[in-house]
Amino acid sequence: MKIYETKTAPNPRRVRMFLAEKGIEKSQVEYVQVDIQKGENLSAEMRAKNPLGKIPILELDDGTCIAETDAICTYFEAIHPEPSLLGTTPIEKATISMWQRQVEMALMLQVGMCFQHTTGYFKDRMVPVPEYGKEAGINASKYFNILERRLELNEFIAGDTFSIADITAQCAIDFARVVDIRIKDEQTNLQRWYDNVSSRASAKA
């Protein structure tokens, strides 16, 4: 198997953390680095693997390509069900899916839009709208408040056990530092959770 990724990008990190939690060794997967700043992900070869030209991409031994972080993680959950990161019971699966979706849309996406539209990192292939980027950053900061309230009652975002939602949130929060979005001093529950997940071995993946 091959995973096409960019080491410094947040979404590939989500996959690496997911695999680390599963105990899937790096020796079991070949990681192929793609320079997204130079636009290598937009080449004809990469678009043949994912028409959107986004990474990460999982390429199986038979040539099947699976793009999108959630889809890649779903594949690995199916072939390595333990420990479960997507839930085992119907309620667990639905709850984790709900929080994963919310964290991805209300936090990870907002941080990404803030980065793209305020830094001009991809100005050679998109038109940055700084006002939109600033608003996205504000939205991401506001979602920290939702997580703060949620983590007052729960050890992890989706409940009592570590899940893919925690991986997505941690990667988003770490990436948010690039655009100076940080956990506030008064967000003690969120900080407690962050310290906890950051101490896991997978955080270094």
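Description of the structure in this document.

The rules behind each value
Residues numbered from 1 in each chain as written. Predicted model: local features only at pLDDT ≥ 70, side-chain atom pairs only at ≥ 80, totals over all residues. Heavy atoms only, no water. Helix = DSSP H or I, 4+ residues; strand = E, 2+ residues; numbered from the N terminus. Rg over C-alpha atoms; globule rule 2.2 N^0.38 Å. Pairing = 2+ DSSP bridges. Right-handed = clockwise from strand over helix to strand, strands pointing away. Axes fitted to C-alpha atoms, helices over the stretch in contact; angles between N-to-C directions. Parallel < 35°, antiparallel > 145°, perpendicular 65-115°, else oblique. Contact = heavy atoms within 4.5 Å. Nonpolar A, V, L, I, M, F, W, Y, C, P; charged D, E, K, R; others polar. Salt bridge = Lys/Arg side-chain N within 4 Å of Asp/Glu carboxyl O. Buried < 20%, exposed > 50% of the residue type's maximum accessible area, 1.4 Å probe, protein only. Left-handed = near helix turned anticlockwise from the far one by under 90°.

**Details of the overall build of the protein**
Here is step 1 of the chain: Secondary structure summary: the protein contains 7 helices and 4 strands in total.
Here is step 2 of the chain: In sequence order, the protein lays out its α and β elements as β-α-β-α-β-β-α-α-α-α-α.
Here is step 3 of the chain: In terms of overall size, the protein behaves like a compact globule, its C-alpha atoms giving a radius of gyration of 17 Å where 205 residues would be expected to give roughly 17 Å.
Here is step 4 of the chain: Once the C-alpha set of the protein is aligned to its principal axes, its extents read approximately 45 × 45 × 25 Å.

**Some remarks on the pairing of strand E1 (residues 2-5)**
Here is step 1 of the chain: Across 4 bridges, E1 lies against strand E2 (residues 30-33) in parallel orientation. Paired with Glu5 across the strands is Gln33, a residue of E2.
Here is step 2 of the chain: Taken together, E1, helix H1 (residues 10-22) and E2 constitute a β-α-β crossover, and its handedness is right-handed.
Here is step 3 of the chain: Taken together, the 3 bridges between E1 and strand E3 (residues 57-59) define a ladder with antiparallel strand orientation. From the neighbouring strand, Lys2 faces E3, where its bridge partner is Glu59.

**Examining the packing of helix H6 (residues 164-176) against helix H7 (residues 188-198)**
Here is step 1 of the chain: Axis separation between H6 and H7 bottoms out at 11 Å; the angle between their running directions is 100°. The angle between the axes of H6 and H7 places the two elements in the roughly perpendicular class. Across the interface between the two elements, Asp166, Ala169, Gln170, Ile173 and Asp174 from H6 touch Leu190, Trp193, Tyr194, Val197 and Ser198 from H7.
Here is step 2 of the chain: Across the contact of H6 with H7, the residue classes tally to 6 nonpolar, 2 polar and 2 charged.

**Here we look at the pattern of salt bridges**
Here is step 1 of the chain: Taken as a whole, this structure holds 10 salt bridges when the rule is applied.
Here is step 2 of the chain: Here Lys49 makes a salt bridge to Glu59, at a shortest N to O gap of 3.1 Å. Taken as a pair, Lys49 in helix H2 (residues 44-49) and Glu59 in strand E3 lie far apart in primary sequence, 10 residues in all. For the pair formed by Lys49 and Glu59, the shared burial category is buried.
Here is step 3 of the chain: A salt bridge links Arg182 to Asp180, with the nearest nitrogen and oxygen atoms 3.2 Å apart.
Here is step 4 of the chain: Arg182 gets classed as partly exposed once you look at its relative accessible area, which sits at 45%.

**Points about the packing of H1 against helix H4 (residues 90-119)**
Here is step 1 of the chain: For the pair H1 and H4, interaxial distance at closest approach is 14 Å and the crossing angle is 155°. With respect to each other, H1 and H4 are oriented roughly antiparallel. Note that H1 runs across H4; the crossing there is right-handed. Between H1 and H4, the residues in contact are Pro10, Asn11 and Arg14 and Gln100, Glu104 and Met108, respectively.
Here is step 2 of the chain: Looking at the contact of H1 with H4 residue by residue, the classes come out as 2 nonpolar, 2 polar and 2 charged.

**Describing the environment of Met126**
Here is step 1 of the chain: Positionally, Met126 belongs in the loop between H4 and helix H5 (130-153).
Here is step 2 of the chain: Spatially, the C-alpha atom of Met126 lies 8.8 Å from that of Gln116, the residues being 10 residues apart in sequence.
Here is step 3 of the chain: Residues in contact with Met126, not counting those within four places in the same chain, are Gln116 and His117.

**Examining the sheet that holds E3**
Here is step 1 of the chain: Spatially, 4 strands are ordered E2-E1-E3-E4 in an open sheet, and the strand pairing comes out mixed. Two strands in the sheet have a free side with no partner beyond their single neighbour: E2 and strand E4 (65-67). Strand-to-strand, the axes of this sheet are offset by a mean angle of 20°, without reference to chain direction.
Here is step 2 of the chain: Along the sheet, H1 makes contact with E1 and E2, crossing E1 at roughly 145°.
Here is step 3 of the chain: Set on the sheet, helix H3 (residues 69-79) makes contact with E1, E3 and E4; between it and E4 the angle comes to about 125°.

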